[in-house]
Structure formats: structure tokens, C-alpha cells
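A look at the structure
As a plain string of letters, each chain reads:
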Amino acid sequence: QVQLVTSGGGLVQPGGSLRLSCAASGSIFSINAMGWYRQAPGKQRELVATITSVGSTNYADSVKGRFTISRDNAKNTVYLQMNSLKSEDTAVYYCNTKIRVYSWASETTYWGQGTQVTVSS
């Protein structure tokens with residue numbers, strides 16, 4: 001059984017910063033890619049950023065230069081540092097991880113419970 005616990009959302013003014021974290025726990029053999037997605041009201045869920053097990057990163061064009069994804073492999077945790085936040089960043093943010101629970105098992109995708117980020121004055 002794997003659990004993802006997300007934290008760090010909230011209300012922030014435009015130009016402000018927030019840091020999201022997502023910790024995986026349970027029966028984990030290895031974690032490959034970890035990432036963040038977001039879904040704004042009335043819109044489809046979209047990719048924000050991903051990071052591989054060796055630290056290669058990928059960002060949506062809309063957040064490049066403002067958001068930074070990182071991970072702590074010892075803690076099975078992925079972070080999203082969000083700076084210079086804009087109103088259009090308002091959304092529910094979900095973490096996403098690809099986990100292998102046993103050495104012989106295939107990877108399974110797990111989602112966190114989502115955390116609300118609201119950027120408003």
C-alpha cells in the first residue's frame with residue numbers, strides 16, 4: 001500500500017511564493033519519475049513539472065523561470081517551489097509518482113490528494 005501526502009497550498013498574493021511538498025510512504029521498492037500537475041476550474045489537468053530519479057527536470061512553458069521542482073530521494077519527497085505567482089496559477093495541484101512496490105513489479109502511477117493554490121489580491 002502506497003500513500004502520497006501533499007501539503008503547502010494556500011492563498012497568496014500575486015508575486016508571492018509557495019512551496020508544495022508531496023511525501024510517498026508505504027511499500028516502496030523504487031520511485032522513478034515524480035511530478036506536479038494542476039487543474040483549474042473548468043479546465044483539464046495539465047503538466048506543471050516533472051523530475052526523474054537522477055534529477056532531470058521538465059517544465060511547462062507557462063512556469064519556466066518561476067517554478068522549481070526538486071526531490072529528496074532519502075525522504076521519497078518531491079517539492080515544487082513556486083515564485084512570482086500569478087492569478088492564472090490558481091488551481092488544485094496534484095503530485096504524481098511512478099512507483100515500483102517490488103523489484104519484480106511493474107511501475108504504477110500514484111496521485112496525491114491535491115492541494116488548493118489560490119493567487120489573489
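The structure contained in this document is the topic of the report that follows. Residue numbers here run from 1 along each chain, matching the order of that chain's written sequence. Only residues with pLDDT of at least 70 get local features here, since the model is predicted, and only at 80 or more are side-chain atom pairs given and counted; chain-wide, interface and lining totals rely on the full set of residues. To get the side-chain values, all heavy atoms of the structure are used, and hydrogens and water are removed first.

Things to note about the environment of isoleucine 28
Note the following rule: In this text, helices come from DSSP runs of H or I with a minimum length of four residues, and strands from runs of E with a minimum of two, each type numbered from the N-terminal end. Here's how the labels work: a residue is buried when its accessible area is under 20% of the maximum for its type, exposed when over 50%, partly exposed in between, all with a 1.4 Å probe on protein chains only. By definition in these notes, contact holds between two residues if any of their heavy atoms fall within 4.5 Å.
On the secondary structure map, isoleucine 28 appears in the loop between β3 (18-26) and β4 (30-39). Residue classification places isoleucine 28 among the partly exposed residues on the basis of a relative accessible area of 23%. Dropping the residues within four chain positions of it, isoleucine 28 is found in contact with Val2, Asn76, Ile99, Arg100 and Val101.

Some thoughts on the sheet that holds strand β8 (residues 77-82)
Definition in use: Here a strand pair is declared whenever DSSP counts at least two bridges between the two strands. Lines fitted to the C-alpha atoms define the axes, with helices restricted to the stretch that makes contact. Angles between their N-to-C directions range from 0 to 180 degrees.
Strand order across the open sheet formed by four strands is β1-β3-β8-β7, with antiparallel pairing between neighbours. Where the open sheet ends on each side, the last strands, each with one partner, are β1 (2-7) and β7 (67-72). Direction aside, neighbouring strands of the sheet carry axes that sit 15 degrees apart on average. Bridge count for β7 against β8 is six bridges, and the pairing is antiparallel. Opposite aspartate 72, over in β8, you have threonine 77 as the bridge partner.

What to know about the state of the cysteines
Note the threshold: The disulfide criterion used throughout: a pair of cysteine sulfur atoms within 2.5 Å.
Scanning the model with the defined rule gives one disulfide in all. Each disulfide pairs two cysteine sulfurs, and for cysteine 22 the partner residue is cysteine 95, the sulfurs being separated by 2.0 Å. One end of the pair, cysteine 22, is in strand β3; the other, cysteine 95, is in strand β9 (residues 91-100), and 73 residues separate them in sequence. Taken individually, cysteine 22 and cysteine 95 each receive the classification buried, so the pair is uniform in this respect.

Some thoughts on unusual backbone geometry
One non-glycine residue with positive phi stands out, namely asparagine 76, at about 50 degrees. In this structure, asparagine 76 sits in the loop between β7 and β8. The exposure class assigned to asparagine 76 is partly exposed, which follows from its relative accessible area of 24%. With a phi angle near 50 degrees, serine 84 is a residue other than glycine that sits in the positive phi range. As for its placement among the helices and strands, serine 84 is situated in the loop between β8 and β9.

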